[in-house]
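Observations on the model geometry
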Amino acid sequence: LTVLAVFSLSAYYAQSPFVSFMYAEPSSEKLITVIAGFMLMIVSASVLRKASIASALLYGIVFSGAVSGLANILQLGFDIHPWSLFAAFADGKEFNVVGTMRGVSLLYTILLSMSIVLLFSTVARAVARWIIYALGACSVIFMLNLLFINFWISWIALFITIILLFGLMIRYIHKNVPEHTASSPEGSNYTLMRSCFYCLSAALIFVMALSGTMAYMSTYTDYPSPFQRELSAEVTPSLRETASIASNLYSESWKTSLLGSGPASFIGNWSRYRDISVNDTFFWGARFTQGFSWFSTLLSTVGVAGTGLFVIFALVALFVSVRLIAKDAMDEETQSVSLAAAVGFIAVIITGFLYPAMLTFIFLFFLLAGILLGLLAKDPHLAEVSDMTADDEKETISTGIDVLPLEGRAGDEREKIIASGQFDF
């Protein structure tokens, strides 16, 4: 709410309030987009309070992303344009439903991280075998797209995300897996969990080594990937130039340094405060609507207050979510789904530091935050009672009676509770 209030104040005091509120270009961080993302977070946190529902949504996101990824492979690898079947203007190898090709690469980095967690979770194996095969195919599709586009920021984001995921998995396996014999039911579950952990560890090490190698080759060598395709160049202001524009803007007044020039107003800041040497380059007439990255653009559009609060909100949400997942105070399905959402949230935050904003990234940021809020904002000491109505729940809370499953009661006590007729289990 504080972030939303500061963004609203920044738009109110902007030189073009209606542009900052609604009329800026679609993929920018204009106020209406932030409001829509905030509402998406609240609604998803209210609806997705069960792991089964949240996992179905995550599966849908991953599978739909894989469909677009398959179309992208057909375009880049085989010069087949499936999107032209729906619209004549979509006849091009770089057309996609997200935005730029580098943006598509970052989206597939996020989805690849989520699909890896879901693929090797014991929950997916318990649902249906075809989901395992589908998730494996999705992971291959995402990886092929990363190799075809070969964007160095995607490899760095994937490398950092996999390292954090690997650390969480090691902590989980050492803290929560009990010592059981293989003949007991707990032991068989432990054996399955251990085999999943070994497979996940091998996959993470492979992805970590591949992403690190590709990031190094893309950044420090002149040897292109054998899979890389020729794509149009993307030009954005450098991080230094973006920070310089924000610094010049802050010199106007304390209000602009605190609230910036207004959401989605970077294009005006670029026109006023860009380095004069740009006029001697090919980009003298270019009008950039965003700076180096999403978060760095906020420095000039919503000022120190807006940028600081937004980054603090993202990092605190991430820290709280990872800490709750590491505590293991939830059932296995909730923990697996929460881990997949947290890994995607980590990748979105890394993307925000390294790439300009896009509608897909903004909405994914708030959606994954809402999923984590809905799944983790539970009292782990209360058992789930599926048939309890809202009035029964209020009565239970007001009377201070613990809701426990009947199987946990002694025999005589269980019969007395059922015979009393006061509770419906």
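Just above sits the structure.
Cut-offs applied
Residues numbered from 1 in each chain as written. Predicted model: local features only at pLDDT ≥ 70, side-chain atom pairs only at ≥ 80, totals over all residues. Heavy atoms only, no water. Helix = DSSP H or I, 4+ residues; strand = E, 2+ residues; numbered from the N terminus. Buried < 20%, exposed > 50% of the residue type's maximum accessible area, 1.4 Å probe, protein only. Contact = heavy atoms within 4.5 Å. Areas by Shrake-Rupley, 256 points an atom, 1.4 Å probe, with all protein chains shown as cover. Patch = residues over 30% accessible without salt bridge, like charges linked within 9 Å, V, L, I, M, F, W, Y side chains within 5 Å. Salt bridge = Lys/Arg side-chain N within 4 Å of Asp/Glu carboxyl O. Core = buried A, V, L, I, M, F, W, Y, C linked by side-chain atoms within 4.5 Å. Arc of directions from axis to C-beta. Axes fitted to C-alpha atoms, helices over the stretch in contact; angles between N-to-C directions. Parallel < 35°, antiparallel > 145°, perpendicular 65-115°, else oblique. Left-handed = near helix turned anticlockwise from the far one by under 90°. Nonpolar A, V, L, I, M, F, W, Y, C, P; charged D, E, K, R; others polar. Polar contact = N/O pair within 3.5 Å; in protein donor to acceptor, adjacent residues only side chain to side chain. Phe/Tyr/Trp six-rings, centres within 6.5 Å; stacked < 30°, edge-to-face > 60°.

Let us now look at the overall build of the protein. Counting secondary structure elements, the protein contains 18 helices and zero strands. Expressed as a percentage of the 425 residues in the protein, the buried residues total 46%. Across the protein, the fraction of contacts at a sequence separation of at least 24, relative to all contacts at a separation of at least 6, is 75%. When the accessible area of the protein is evaluated, it comes to approximately 21,500 Å², of which 65% is carbon and sulfur surface.

Turning next to a nonpolar patch on the surface. Together, Phe18, Val19, Met22 and Tyr23 line one region of the surface with nonpolar side chains, adding up to about 450 Å² of accessible area. With respect to the secondary-structure elements, Met22 resides in helix H2 (residues 17-23).

This part is about the pattern of salt bridges. Scanning the entire structure with this criterion turns up two salt bridges. Notably, a salt bridge pairs Arg272 with Glu252, separated by 3.1 Å at the nearest N-O pair. Taken as a pair, Arg272 in helix H12 (residues 266-273) and Glu252 in the loop between helix H10 (239-250) and helix H11 (254-259) lie far apart in primary sequence, 20 residues in all. Judged by its relative accessible area of 36%, Glu252 is partly exposed.

Ranked by size, the top nonpolar core spans 97 residues in total, and within it Phe310, Phe345, Phe365, Leu368 and Ile371 carry the most contacts. When residues of this core are assigned to their parent elements, the largest contribution, 13 residues, is made by helix H5 (residues 101-119). Excluding residues that lie within four positions of it along the chain, Ile371 makes contacts with Ser44, Leu48, Ala54, Leu57, Leu58 and Ala341. Counting seven residues, the second largest nonpolar core, distinct from the first, contains Ile245, Trp270, Tyr273 and Val278.

The phi torsion at Asp79 lies on the positive side, around 55 degrees, for a residue other than glycine. Tracing the backbone shows Asp79 in the loop between helix H4 (51-78) and H5. The class of Asp79 is exposed, set by a relative accessible area of 55%. Even without glycine at this site, Asn150 takes up a positive phi of about 55 degrees. Following the sequence through the fold, Asn150 ends up in the loop between helix H7 (129-149) and helix H8 (152-176). Owing to a relative accessible area of 10%, Asn150 belongs among the buried residues under this scheme.

Now for H12. Looking only at H12, the buried set comprises Phe266, Asn269, Trp270 and Tyr273. Projected down its long axis, H12 carries its buried residues within an arc of 100 degrees, all on one side. Residues of H12 that are buried make contact with H10 and helix H13 (294-301).

Turning our attention to the packing of H10 against H13. Contact pair H10 / H13: the axes reach a minimum separation of 8 Å and the direction vectors enclose 20 degrees. One finds that H10 runs roughly parallel with respect to H13. Crossing of H10 against H13: the hand is left-handed. On H13, the residues touching Leu239, Thr242, Ala246, Leu249 and Tyr250 of H10 are Ser296, Thr297, Leu299 and Ser300. In terms of residue class, the contact of H10 with H13 is made up of five nonpolar, four polar and no charged.

With that out of the way, let us pick up the environment of Ser55. Within the element layout of this structure, Ser55 appears in helix H4. Ser55 sits in the buried class, given a relative accessible area of 8%. Linking Ser55 and Thr334, residues 279 residues apart in sequence, is a C-alpha distance of 8.8 Å. Beyond its immediate sequence surroundings of up to four residues, Ser55 is in contact with Glu333 and Val337. Of the polar contacts made by the side chain of Ser55, one reaches the backbone oxygen of Ser52; its length is 2.8 Å.

It is worth spelling out the packing of aromatic side chains at this point. Scanning the model with the defined rule gives 20 aromatic pairs in all. Judged by centre distance (6.0 Å) and plane angle (50 degrees), the rings of Phe7 and Phe310 are tilted. Note that Phe7 is positioned in helix H1 (residues 2-12) and Phe310 in helix H14 (residues 303-327), a separation of 303 residues in sequence. An identical accessibility class is assigned to Phe7 and Phe310; each is buried. Aromatic pair Trp294 and Phe365: ring centres 5.8 Å apart, planes at 80 degrees, arrangement edge-to-face. Pair noted here: Trp294 is in helix H13 and Phe365 is in helix H16 (residues 359-376), with a separation of 71 residues, a long-range link. Like Trp294, the residue Phe365 is buried in the burial classification.

Turning our eyes to something else, we now look at the environment of Phe166. Within the element layout of this structure, Phe166 appears in helix H8. Between the C-alpha atoms of Phe166 and Ser201, which are 35 residues apart in sequence, the distance is 7.2 Å. Once you skip the residues sitting within four places of it in the chain, Phe166 turns out to touch Ser201, Leu204, Ile205 and Met208.

We now examine the packing of H4 against H5. Where H4 contacts H5, the axes come no closer than 10 Å and their chain directions differ by 135 degrees. The orientation of H4 relative to H5 falls into the category oblique. The interaxial crossing formed by H4 with H5 has left-handed handedness. Every residue of H5 that contacts H4 at Leu58, Tyr59, Ile61, Val62, Gly65, Ser68, Gly69, Asn72 and Leu76 is listed here: Met101, Val104, Tyr108, Leu111, Met114, Ser115 and Leu118. Taken together, the residues that form the contact of H4 with H5 break down as eleven nonpolar, five polar and no charged.

Nothing here speaks to function; it is geometry throughout.
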